[in-house]
Amino acid sequence: MSLCLFVSDLHGSTERFDKLFSFVRSSVPDLVFLGGDILPFGGVLPARAERRATPFIAGHLAEGFGSLRRRMRKRYPLVAVILGNDDPRREEPSLEAGEQAGLWRYLHGRKVDFHGFTLYGYSCIPPSPFMLKDWERYDVSRYVDVGASTPESGWRSVPVTEEKLSTATIQQELQQLAGMDDLERAVVLFHVPPYGSFLDRADLDGQSVDAAPLDVHVGSIAVRRFIEQRHPLCTLHGHVHESARLSGHWRQRIGSTWCLSAAHDGPELAVVRFTLADPGAAERLLI
């Protein structure tokens, strides 16, 4: 049945990760998806990111999954992970080291075959008000929403050419990632949700910048179009913590695709549990 567990936006909470490790051990899934914003960063200061992110990957994250692998042995699941907009990109080598150790597969910009299914990963979000810009791209054009700042502004933890900053779009990168693949049996692990959905509803009601109202939907138009045009089996999303509370929904069907969100703004760990055979029967657990 290919049992899957999906979490997102744990932001380095050791309590939530420990709950995840325990739940993986008791549930014995085939796949575990981590949808970004996994590190204890949560701010805009480069010094803070450098001080806290790397020890967490090599420490709590690697130790937790390493302990699971030793205990579960042949039952240890495939763990697929991406970073999110709050995670400095300079931590990619630490994730690569964990992949080399057999703890997880780093999925951003890549695809992995899994028993007749294909897994894809993509971390980037459209321009936002946040100042860490490692994972920001223009969406489908150079338009920047009210209250957001351009990908060229802010700071980055790794160098990027000015050309890429000014021309790259989420739409282009998704086309490159999926190519001409048939996505009927594909699961795409995104950080950002599709625009105009239940899953990208932000708590911005009545707010404005210079008298211009803010859009309460903060997802990606490119991701929405990708789902509508390419029809993957299932897509996984996070990023907008309050979306389920505000919209009353943590999943939505767009065409034939089930879109599932593990974002949560409460103290609990939100786990989405589903099977590849029937993602529409997914359930969301608060632990």
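Counting restarts for each chain: residues are numbered from 1 in the order of the written sequence. Reporting of local features is limited, given that this is a predicted model, to residues whose pLDDT is at least 70; pairs of side-chain atoms are given and counted only at 80 or more, and all residues count toward the totals for whole chains, interfaces and linings. Hydrogens are left out, water is left out, and the side-chain values use all remaining heavy atoms of the structure.

Things to note about a nonpolar patch on the surface
Move 1: Within this analysis, patches are made of residues with over 30% relative accessible area and no salt bridge. Like charges are joined at 9 Å or less; nonpolar side chains (Val, Leu, Ile, Met, Phe, Trp, Tyr) at 5 Å or less. Every accessible area reported is derived by Shrake-Rupley at a probe size of 1.4 Å, with residue values counting cover from the shown protein chains alone. Salt bridge criterion: a side-chain nitrogen from Lys or Arg within 4 Å of a carboxyl oxygen from Asp or Glu. Side chains of Tyr-143, Val-146 and Val-209 sit close together on the surface and give an oily, nonpolar patch of about 250 Å² of accessible area.
Move 2: Relative to the helices and strands, Val-146 resides in the loop between strand E6 (117-122) and helix H4 (162-167).
Move 3: With a 1.4 Å probe rolled over the protein chains alone, any residue whose accessible area is under 20% of its type maximum counts as buried; one over 50% counts as exposed, and the rest are partly exposed. Among the residues examined, Val-146 registers a relative accessible area of 31% and is labelled partly exposed. By the criteria applied, helices consist of DSSP H or I runs no shorter than four residues and strands consist of E runs no shorter than two, each listed in order from the N terminus.

Observations regarding the sheet that holds strand E14 (residues 283-286)
Within a sheet, each strand pairs with its neighbour through backbone hydrogen bonds, oriented either parallel or antiparallel.
Move 1: Two strands are said to pair when DSSP picks up at least two bridges between them. Taken in spatial order, the 6 strands of this open sheet run E4-E3-E2-E1-E13-E14, and their pairing is mixed. Sheet topology places strand E4 (105-106) and E14 at the edges, where each strand pairs with a single neighbour.
Move 2: As defined by bridge partners, strand E1 (residues 3-7) adjoins strand E13 (residues 270-275) across 4 bridges and the pair is classed as antiparallel. Its bridge partner being in E13, Cys-4 is matched across the sheet by Phe-274.
Move 3: Should any heavy atoms of two residues lie within 4.5 Å, those residues are considered in contact. Think of each axis as a best-fit line through the C-alpha atoms, taken over the contacting stretch in the case of a helix, with angles from 0 to 180 degrees between the N-to-C directions. Packing against the sheet, helix H1 (residues 14-27) makes contact with E1, strand E2 (31-35), E13 and E14, and its axis sits at approximately 175° to E1.

Quick notes on the pattern of salt bridges
Move 1: In the structure shown here, the tally under the stated rule is 14 salt bridges.
Move 2: Measuring nitrogen to oxygen at the nearest pair gives 3.0 Å for the salt bridge that ties Arg-224 to Glu-228. Residue Arg-224 and its partner Glu-228 are located together in helix H6 (residues 221-230), separated by 4 residues, close to a single helical turn.
Move 3: Residue Glu-228 is classed as partly exposed on the basis of its relative accessible area of 40%.
Move 4: Note that Asp-265 is salt-bridged to Arg-245, the shortest N-O span being 2.6 Å. In this pair, Asp-265 sits in the loop between strand E12 (257-261) and E13 while Arg-245 sits in helix H7 (residues 243-247), placing the two residues 20 residues apart along the sequence.
Move 5: According to the relative accessible area criterion, Arg-245 is exposed, its value standing at 51%.
Move 6: Members of the salt-bridge network, linked through shared partners, are Glu-96, Glu-99, Arg-105 and Arg-110.

Some remarks on helix H5 (residues 170-178)
Move 1: Of all the residues in H5, the buried ones are Ile-170, Glu-173, Leu-174, Leu-177 and Ala-178. Buried residues of H5 fall within an arc of 120° about the axis and therefore sit on the same side. Of the exposed residues in H5, the ones pointing more than 90 degrees away from its buried face are Gln-175 and Gln-176.
Move 2: Close packing links the buried residues of H5 with E6, H4, strand E7 (186-190) and H6.
Move 3: Following H5 by one or two positions, Gly-179 has its phi on the positive side, about 55°. What the arc describes is the spread of directions from the helix axis to the C-beta atoms.

So, the nonpolar core
Move 1: Working definition of a nonpolar core: buried Ala, Val, Leu, Ile, Met, Phe, Trp, Tyr and Cys residues. They are joined through side-chain atoms within 4.5 Å. Ranked by internal contacts, the top residues of the largest apolar core, which has 51 residues, are Phe-17, Leu-34, Phe-65 and Trp-104.
Move 2: No other element matches helix H2 (residues 46-72), which puts 7 residues into this core.
Move 3: Excluding anything up to four places from it in sequence, Phe-17 contacts Leu-10, Gly-12, Leu-34, Ile-38, Phe-56, His-60 and Leu-61.
Move 4: Counting 24 residues, the second largest nonpolar core, distinct from the first, contains Cys-4, Phe-33, Ala-244 and Leu-260.

Describing the side chain of Arg-224
Move 1: Any pair of N or O atoms that falls within 3.5 Å is considered a polar contact. Within protein, one atom must be able to donate a hydrogen and the other to accept it, and sequence-neighbouring residues count only if both atoms are side-chain atoms. At 3.1 Å, the side chain of Arg-224 forms a polar contact with the backbone oxygen of Tyr-195.
Move 2: For Arg-224, the contacting residues outside a window of four places in its chain are Pro-194, Tyr-195, Gly-196, Ser-197, Gln-252 and Ile-254.

Here we look at the sheet that holds E7
Move 1: A sheet is described by the order of its strands in space; here 6 strands give the open sequence E5-E6-E7-E10-E12-E11, paired in mixed fashion. At either end of the open sheet lies a strand with only one pairing partner, and these are strand E5 (111-114) and strand E11 (251-254). Strand-to-strand twist in this sheet, taken as the mean axis angle between neighbours without regard to direction, amounts to 20°.
Move 2: In terms of strand pairing, E6 meets E7 through 5 bridges, oriented parallel. Across the sheet, Tyr-120 pairs through a bridge with Val-188, a residue of E7.

Observations concerning H6
Move 1: Every buried residue of H6 is listed here: Ala-222, Val-223, Arg-224, Phe-226 and Ile-227.
Move 2: Buried residues in H6 make contact with H5, E7, strand E10 (234-237), E11 and E12.
Move 3: His-231 occupies a position one or two residues after H6 and carries a positive phi of about 55°.

Observations concerning the packing of aromatic side chains
Aromatic ring pairs are defined here through the distance separating the ring centres and the angle between the ring planes.
Move 1: When two rings of Phe, Tyr or Trp (its six-membered ring) have centres within 6.5 Å they constitute a pair, described as stacked for plane angles under 30 degrees, edge-to-face for angles over 60, and tilted for the intermediate range. Summed over all chains, the structure comprises 6 aromatic pairs.
Move 2: Summarising the aromatic geometry, the rings of Phe-65 and Trp-104 are spaced 6.0 Å apart at their centres and angled 80° between planes, so their arrangement reads as edge-to-face. Note that Phe-65 is positioned in helix H2 and Trp-104 in the loop between helix H3 (92-100) and E4, a separation of 39 residues in sequence. Residue Phe-65 shares its accessibility class with Trp-104, and that shared class is buried.
Move 3: Here Phe-190 and Phe-226 contribute two aromatic rings whose centre-to-centre distance is 6.1 Å and whose plane-to-plane angle is 85°, an arrangement assigned as edge-to-face. Separated by 36 residues along the polypeptide, Phe-190 in strand E7 and Phe-226 in helix H6 bring together distant segments of the chain. Just as Phe-190 is buried, Phe-226 falls in that class too.

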